[in-house]
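Residues per chain are reported as follows:
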Amino acid sequence: MTKRIKILGTGCQKCKVLKQVVEDVVNENHIDASIEKVEDLEDIMIYNVMITPALVIDDVIVIKGRIPDKKEILDLLKSKNPTEDMNTTKKCCSGGNCC
């Protein structure tokens, strides 16, 4: 089944890096996925995201305000229920808010 991945962000450097890291993980692991970059503020607000970049997998927000490493992205892509995994994934030093 194809994973639907969206990177939410207005085009800042962190958003570009997140998109590249996600593309690398998908390509390196031969994951069937569509990747969409969402830059329109109105479209981002539909997800109620106030801090970017954000990573959405199958319409579930799994990361906000930081760039996860490749292993974390791969784990989220392989997960059957990414919302459960969000509670066990790494947080940044400020408890989830971008430094």
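Here's what I pulled together on the structure shown here.

The rules behind these values
- Residues numbered from 1 in each chain as written.
- Predicted model: local features only at pLDDT ≥ 70, side-chain atom pairs only at ≥ 80, totals over all residues.
- Heavy atoms only, no water.
- Helix = DSSP H or I, 4+ residues; strand = E, 2+ residues; numbered from the N terminus.
- Buried < 20%, exposed > 50% of the residue type's maximum accessible area, 1.4 Å probe, protein only.
- Contact = heavy atoms within 4.5 Å.
- Core = buried A, V, L, I, M, F, W, Y, C linked by side-chain atoms within 4.5 Å.
- Disulfide = S-S within 2.5 Å.
- Pairing = 2+ DSSP bridges.
- Axes fitted to C-alpha atoms, helices over the stretch in contact; angles between N-to-C directions.

Residue Pro53 is bonded to the preceding Thr52 through a cis peptide linkage, with omega at 5 degrees. Mapped onto the fold, Pro53 is located in the loop between α2 (41-45) and β3 (54-57). Residue His30 is not a glycine yet carries a positive backbone phi of 50 degrees. Here His30 is to be found in the loop between α1 (13-28) and β2 (33-38). For His30, a relative accessible area of 74% gives the class exposed. One non-glycine residue, Asp59, adopts positive backbone phi at about 65 degrees. Given a relative accessible area of 45%, Asp59 falls into the partly exposed group.

On to the environment of Ile35, then. Within the element layout of this structure, Ile35 appears in strand β2. Taking the relative accessible area as the measure of exposure, Ile35 reaches 31% and is therefore partly exposed. What Ile35 contacts, discounting residues up to four positions off in sequence, is Ile5, Ile7, Val22, Glu23 and Val26.

We now examine the nonpolar core. Counting 16 residues, the largest nonpolar core has Ile5, Val22, Leu55, Ile73 and Leu77 as its most contacted members. For this core, the element with the highest residue contribution is α1, accounting for five residues. Setting aside chain neighbours within four positions, we find Leu55 in contact with Ile5, Lys6, Ile7, Leu18, Val22, Val60, Ile61, Val62, Ile63 and Ile73. Counting residues in each nonpolar core, the second largest holds seven residues, with Leu8, Val38, Ile44 and Val56 among its members.

Attention now goes to the state of the cysteines. The final tally for this structure, using the stated rule, is zero disulfides. Between Cys12, a free cysteine, and Cys15, which holds the nearest cysteine sulfur, the sulfur-to-sulfur gap is 3.1 Å. By relative accessible area, which is 30% here, Cys12 ends up partly exposed. You can call Cys15 buried: its relative accessible area is 0%.

On to the sheet that holds β2, then. Pairing is mixed across the open sheet formed by four strands, whose spatial order is β2-β1-β3-β4. The sheet is open, and its two edges are formed by β2 and β4 (60-64), each paired on a single side. On average, each strand axis in the sheet is tilted by 20 degrees relative to the strand beside it, whichever way the strands run. Across the face of the sheet, α1 comes into contact with β1 (3-8), β2 and β3 while running at roughly 160 degrees to β1.

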